[in-house]
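# Survey of secondary and tertiary structure
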Amino acid sequence: MGPRSPSAAFSALLFLLLLGSSGFLQSYAVEVDIKDASNATCLYARWMMSFFIKYETNSSDYKNTTLNLSSSVTHNGSVCGNDTHAALLAVQFGEGHSWSINFTKTNETYQGDFITFTYNTNDTAVFPDAKRKGPVTIVVKDTMSPVQLNNVFVCHSIESFEAENVTQIFWNVTVQAFIQNGTIGEKESRCPADTPTSAPTVPPTVANVTTASTTTLSPAPTTAPKPVENPDTGNYSLKSGNKTCLLATVGLQLNVSHDKPVLINVNPKTTSADGTCGNTTAMLKLNDGNSTLISFTFVVKNTSAGVPKFYLKEVNVTLLNRLNGSVISSADNNNFSKWDAFLGSSYMCRKEQTLEISDDIQIHTFNLWIQPFLVKANKFSTAEECFADSDLNFLIPIAVGMALGFLIILVFISYIIGRRKSRTGYQSV
């Protein structure tokens, strides 16, 4: 859940995508002020959130949909909480949708405990042709760090949870539980992602765009666009308890087609890794915080010889609007059969590869080295190389051998010509 600031290029791209996206939906800010029996504020929150959901249709395929808050939100069931009972912040919106989080406290701190989200597939405007009808409930453990009592928790950056085909996205969060004496605290506890690293990028508006002069001047020389360099290689890992269970080294580049193709490098310095490890399924989720979420799903299969291998089965990409966290675009491909290697080994491919996620989104990978299962001693096991690398390794000695052979032939021909000239000279004498 550690969001980071995106690169300026990526921010600009998302802003353009937002302006050109006909499917953009506005999410409303929620403000809840819960009072106790004496009419004093005991729980206060103001935040924005959006939900990206994949659901099954009657034709047994899957569709993606975005659920945003409406302008009318109720907070029935919210309670203040005390030393022995948790506080509960609950909201209801739309056609039977609801969301809640409970807070627990100690003598010095409070923190979020569980988030419960229920969406109703009977809402045909959001879930047209849904196969499963009725409410669906998702429960997620909140990773909010403890906050000092009397402090306000603030997080303007985008954070997200992913569970059971649902991605919950939050931003501009202000919350305080167990408020004492009805007075909201003045001291803030900021999320790590809000630590400023550079001045924010301000998109142009009518107020800050300067109108160009109408004086006729010679046209400015045009310059060719600077080519996008290959992305930096990032190192990512997951742990199960105290042991590393997944290792990944890869450079990632997004190719997004919206009016015209745009290449964006994923910056590993601002990208965090999350996910799950299992015996037969593993998922690596990469989150740059404010712009994009990428998840890779690996599974284990048995070969015809009965020897288990792992391979990449599914990739999901979600593009977010940096300004308000709304989902601009999302794509999923769950029909891959790539990056396969025997279980207990790793997979390596130094050459560039392309993953076709959808007609509009591709991922280019560079310097890939992945091991999603059976990691030992925090190190990659012996690597099985991709065909491109193997082919290159095979061709290099052949090319060197051919060059040496050609050089030997040249030397031999030169020797024969020299011998013939020598004999001709002797005969003339």
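Refer to the structure printed above.
All values derive from a computational prediction rather than experimental measurement.

Definitions and limits used
Residues numbered from 1 in each chain as written. Predicted model: local features only at pLDDT ≥ 70, side-chain atom pairs only at ≥ 80, totals over all residues. Heavy atoms only, no water. Helix = DSSP H or I, 4+ residues; strand = E, 2+ residues; numbered from the N terminus. Buried < 20%, exposed > 50% of the residue type's maximum accessible area, 1.4 Å probe, protein only. Contact = heavy atoms within 4.5 Å. Areas by Shrake-Rupley, 256 points an atom, 1.4 Å probe, with all protein chains shown as cover. 1 Å grid on protein atoms, 1.4 Å probe; cavity = no way out; pocket = protein on both sides within 12 Å on 5 of 7 lines; lining within 4 Å. Points joined across faces, edges and corners; volume = space filled by probe spheres on them. Nonpolar A, V, L, I, M, F, W, Y, C, P; charged D, E, K, R; others polar. Patch = residues over 30% accessible without salt bridge, like charges linked within 9 Å, V, L, I, M, F, W, Y side chains within 5 Å. Salt bridge = Lys/Arg side-chain N within 4 Å of Asp/Glu carboxyl O. Disulfide = S-S within 2.5 Å. Pairing = 2+ DSSP bridges. Phe/Tyr/Trp six-rings, centres within 6.5 Å; stacked < 30°, edge-to-face > 60°. Lys NZ or Arg CZ within 6 Å of the ring centre and 35° of its normal.

## Considerations on the overall build of the chain
Looking only at helices and strands, the chain has two helices and 26 strands in total. Within the chain, buried positions represent 42% of all 429 residues. Considering only residue pairs separated by 6 or more positions, the chain has 57% of its internal contacts joining residues 24 or more positions apart. Counting every atom, the chain has about 23800 Å² of accessible surface; 54% of that belongs to carbon and sulfur.

## Comments concerning the layout of surface pockets
Put simply, the second largest pocket is a space of about 350 Å³. Counting only elements with at least two residues in the lining of the second largest pocket, the list comes to strand 8 (135-141), strand 11 (159-163), strand 17 (272-276), strand 18 (281-287), strand 19 (292-302) and strand 20 (308-320). Among the residues forming the lining of the second largest pocket, the class breakdown is eight nonpolar, ten polar and four charged.

## Side note on a nonpolar patch on the surface
Together, L404, L407, L410 and V411 make up an exposed nonpolar region whose accessible area comes to about 370 Å². Within the element layout of this structure, L410 appears in helix 2 (residues 387-428).

## Describing empty space enclosed by the protein
For the structure on display, the rule yields three cavities of 30 Å³ or more. A volume near 270 Å³ is recorded for the largest cavity. Forming the boundary of the largest cavity are 20 residues, of which I101, D142, F153, F170 and V173 lie nearest the centre. Counting residues per element, the ones that place at least two in the lining of the largest cavity are strand 2 (41-56), strand 6 (97-105), strand 10 (152-155), strand 11 and strand 12 (166-176). The element that contributes the greatest number of residues to the lining of the largest cavity is strand 12, accounting for four residues. Along the lines of polarity and charge, the residues of the lining of the largest cavity split into 15 nonpolar, two polar and three charged.

## Thoughts on the state of the cysteines
Here, disulfide denotes a covalent bond that connects the sulfur atoms of two cysteines. Inspection of every chain in the model, using the stated rule, returns four disulfides. The partner cysteine of C42 in its disulfide is C80, sulfur to sulfur 1.9 Å. For the disulfide bridge between C42 and C80, the dihedral angle about the S-S bond is near -65°, and by the sign convention the bridge is left-handed. Within this pair, whereas C42 is found in strand 2, its partner C80 is found in the loop between strand 4 (73-74) and strand 5 (87-93), the two being separated by 38 residues in sequence. For the pair shown, C42 and C80 are each scored as buried.

## Let's talk about the pairing of strand 23 (residues 346-349)
By the alternation rule, side chains of strand 23 split into S346 and M348 and Y347 and C349, which are all buried. Here strand 23 pairs with strand 26 (residues 383-385) via three bridges, running parallel. Each bridged residue has a counterpart across the sheet, and for Y347 the counterpart in strand 26 is E384. Bridge count between strand 23 and strand 25 (residues 361-371): three bridges; the pairing is antiparallel. Within strand 25, the position partnered with Y347 by the bridge is I370.

## So, the pattern of salt bridges
Where charged atoms from two side chains of opposite charge come close, those side chains can pair. Considering all chains together, one arrives at nine salt bridges under this definition. Where K141 meets D113, a salt bridge forms, and the shortest distance between an N and an O atom there is 2.7 Å. Placement of the pair is K141 in strand 8 and D113 in strand 7 (residues 109-120), with a sequence separation of 28 residues. Note on K141: relative accessible area 46%, which makes it partly exposed. Residue D113 is classed as buried on the basis of its relative accessible area of 15%.

## Remarks on the packing of aromatic side chains
Throughout the structure, instances matching the rule amount to 13 aromatic pairs. Judged by centre distance (5.8 Å) and plane angle (75°), the ring pair of F161 and F170 falls under edge-to-face. On the basis of relative accessible area, F161 is assigned to the buried category, the value being 9%. Ring-pair connections join several aromatic residues into one group, and the members of that group are F51, Y55, F93, F117, Y119 and F127. Positioned over the ring face of Y311 is K301, at 4.9 Å from the centre of the ring. The ring of F342 has K309 sitting right over it, with the charged end atom 4.7 Å from the ring centre.

Just distances and angles here, no functional claims.
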